[in-house]
Amino acid sequence: MTDAKTTLEHLLQQGKGKALLFLGKEEIFDANEQQRFLKRFGIERVTEPTDNLVAVVEHRRLDPYEEQLSDRLYEEGVPLFRLETFERLLSESIEPDGLLMALRLGNDRARLLRMIANPYFDDTLFIRLLKLYRFDNAEEDSREDRDVIMHTLRRFVSIRPTEEDLLYSYLTLQRLARETSRADLLDALLHFPDFSFKTKSRQKTSLYTVVAQNPHLSSETIRRLKGMKQRDIDIALAKNVALGEEELIALLKKDDETIAQALAANEAIPENIFETLLDKSPETVSILLRKQPIDIRRLERIEEKNFDETLTAHLGYNRRMETDVKERLCETKNVSLALTLATNPTLPSKLLEKLRCNWGETLDTALAQNPSVSAETLRDIYERRGKEIQIAAALGANPSTEEGILRELFARDLFAINKALATNASLPKELLDILKLDTRLQHELAQNETLAKSYEAVLEQSKAMMNL
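Residues numbered from 1 in each chain as written. Predicted model: local features only at pLDDT ≥ 70, side-chain atom pairs only at ≥ 80, totals over all residues. Heavy atoms only, no water.

**Details of the overall build of the protein chain**
Test applied: Secondary structure counts use DSSP, requiring at least four H or I residues in a row for a helix and at least two E residues in a row for a strand, with both numbered from the N terminus. Only C-alpha atoms enter the radius of gyration; for comparison, a globular chain is expected to reach 2.2 Å times N to the power 0.38, where N is the number of residues. Throughout, exposure labels follow a simple rule: accessible area from a 1.4 Å probe, protein chains only, divided by the maximum for the residue type, with under 20% read as buried, over 50% as exposed, and the rest as partly exposed. We call two residues contacting when some pair of their heavy atoms lies within 4.5 Å.
Helix and strand counts for the protein chain stand at 30 helices and six strands. Against the globule reference of 23 Å for 468 residues, the protein chain gives a C-alpha radius of gyration of 32 Å, more extended than a compact globule. With the C-alpha coordinates aligned to their principal axes, the bounding extent of the protein chain is approximately 100 × 55 × 40 Å. The burial tally for the protein chain puts 44% of its 468 residues in the buried class. Contacts in the protein chain between residues at least 24 apart in sequence constitute 60% of all its contacts with a sequence separation of at least 6.

Printed below as a string of structure tokens:
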């Protein structure tokens, strides 16, 4: 059987005055659409054999009569093509703007559904078609609505043959809204119903709120989201780096403490908003100190506020401080700040050693859990204070702790230490295998990156075997 688009196209171009026979039912395009396409070649669409056939186009499923007819025509040398070949050729001939205009004017829902189901249209045209579809909010379980959602997920979410059930889950729609980088698709998702989801923490969220969190929003989509005037959406937008200064200021003016806290977590806020947030509640300021990029200028603004030691200590958790800021903070006389800095893995070992020299054993527990601390310092802490459970557990969880110390800690067979060891990606495999037998450690083992990667590898291998 001939199954090449270029060959069919050539036959159509040479087929003026002839007929194209269709066997089986129609799918993407109805008979009228097929005939309009053939008219440009001067070819007639027929459903019964004639003497001047240019070719036969057949559905993948034929009834017994059509099967016999197909076999006979094949024996007579008439070229046969799959319906998919013809539909691809017709699809590629369609002018997008003309199609969209016709659908708007014709208000033909059935045709729109067929066009949305067309796998031969590119993603841009698919999204434009998606925006024309109106969901049936009055019916909770509309078959047409579910089909549109499935076509969307199938096109934009990578689904393996063994994972088809994911297409039936609205959680996959949430995943799409969270992960896509297409601004036009995010805008199209606002034409969907605002489905509700439960997060991992068992809190409720919605499709529009998840869209509002995506950093790839266009200015038009942001405008539409703001126009919804929903507090959850405003909070999500306040955290979004896609918003410009004017949009962020408008959110700040709502004088909502939760929105202020969301703005404090937004790493792209301008200086005027940063300084305004420094005058908000201690909860908002603590987020600001932990989440914002901090340069010397911002550090000076923070110091001018003369916050108490406990609030200032939140700076030590910040992983986006410039080098000169880190160096200046390591001179601190604030023990609370020194303790948080000692746990910060973005500080180089040189600065951590400086902290250690300034504060001595006060920072041992904090330093023992920091993977950026040198192996020599970790061994020194172990030799001096390794018998203390808190110190031992911190060293047991630290992936930079040398193997010999990890083995010694394991040999103690203390549950508090084993909990820490179970999370450590550097723990030797044979020791990890032993800990896997302790059902009490399931939560800690789930945090172990090495174990998670091994499970993923096994899962991928199993899926590959199933596909074979």
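**Brief notes about the pairing of strand S1 (residues 19-23)**
What counts here: Any two strands between which DSSP finds at least two bridges are classified as paired. When the strands point away from the viewer, a crossover counts as right-handed if the path from the first strand over the helix to the second runs clockwise.
Taking burial as the measure, the five residues of S1 include five buried ones, the bulk of the element. Burial along S1 is two-sided: the residues Ala19, Leu21 and Leu23 and Leu20 and Phe22 are all buried. Pairing of S1 with strand S2 (residues 44-46) involves three bridges; the strand directions are parallel. Residue pairing in the sheet places Leu20 in a bridge with Arg45 of S2. Where the polypeptide runs from S1 across helix H2 (residues 31-39) and back to S2, its parallel neighbour, the crossover connection is right-handed.

**Considering the sheet that holds strand S3 (residues 53-58)**
So the rule is basically this: Axis lines are fitted to C-alpha atoms, over the contacting stretch for helices. Their N-to-C directions set the angle, which ranges from 0 to 180 degrees.
With parallel pairing, the four strands of this open sheet are ordered in space as S2-S1-S3-S4. Looking at the sheet topology across the chains shown, the edges are occupied by S2 and strand S4 (80-82). Across the sheet, the mean angle from the axis of one strand to that of its neighbour is 30 degrees, orientation sign disregarded. The sheet contact formed by S3 and S4 spans three bridges and is parallel. For Val56, the partnering residue across the bridge sits in S4 and is Leu80. Against the sheet, H2 makes contact with S1 and S2, and its axis sits at roughly 145 degrees relative to S2, the strand it touches most. Strands in contact with helix H3 (residues 64-75) are S1, S3 and S4; relative to S1, the strand with the most contacts, it is inclined by about 140 degrees.

**Regarding the pattern of salt bridges**
A pair can form between side chains of opposite charge whenever their charged atoms are brought close. Note the threshold: A side-chain nitrogen of Lys or Arg and a carboxyl oxygen of Asp or Glu constitute a salt bridge if their distance falls within 4 Å.
Scanning the model with the defined rule gives 45 salt bridges in all. Between Asp187 and Lys131 there is a salt bridge; the shortest N-O distance is 3.1 Å. Taken together, the residues Asp187 in helix H10 (residues 183-189) and Lys131 in the loop between helix H7 (123-130) and helix H8 (143-156) connect sequence positions 56 residues apart. Residue Asp364 is joined to Arg385 by a salt bridge in which the shortest nitrogen-to-oxygen separation is 3.2 Å. Taken together, the residues span a long stretch of sequence, with Asp364 in helix H23 (residues 364-368) and Arg385 in helix H24 (residues 375-385) at a distance of 21 residues. Here Asp364 and Arg385 have matching classes, each one buried. Linked through salt bridges whose partners overlap, the residues forming this network are Glu353, Arg356, Glu361, Asp364, Asp380, Arg384, Arg385 and Glu388.

**What about the packing of aromatic side chains?**
Quick reminder of the rule: Between the rings of Phe, Tyr and Trp (Trp by its six-membered ring), a pair exists once the centres lie within 6.5 Å; its type follows the angle of the planes, with under 30 degrees stacked, over 60 edge-to-face, and the other angles tilted. Counting as a charge over the ring demands two things of the Lys NZ or Arg CZ atom: a distance within 6 Å of the ring centre and an angle within 35 degrees of the ring normal.
Under the defined criterion, the tally for this structure stands at seven aromatic pairs. Here Phe37 and Phe41 contribute two aromatic rings whose centre-to-centre distance is 5.3 Å and whose plane-to-plane angle is 80 degrees, an arrangement assigned as edge-to-face. A relative accessible area of 4% means that Phe37 is categorised as buried. With a centroid separation of 5.9 Å and an interplanar angle of 55 degrees, the aromatic rings of Phe126 and Phe156 are classed as tilted. In this pair, Phe126 sits in helix H7 while Phe156 sits in helix H8, placing the two residues 30 residues apart along the sequence. For the pair formed by Phe126 and Phe156, the shared burial category is buried. Every member of this aromatic cluster is reached through a ring pair, and the members are Phe22, Phe37, Phe41 and Phe86. The aromatic ring of Phe22 is capped on one face by Arg45, whose charged end is 4.7 Å from the ring centroid. Stacked on the ring of Phe274, the Lys or Arg Arg298 has its end atom at 4.2 Å from the ring centre.

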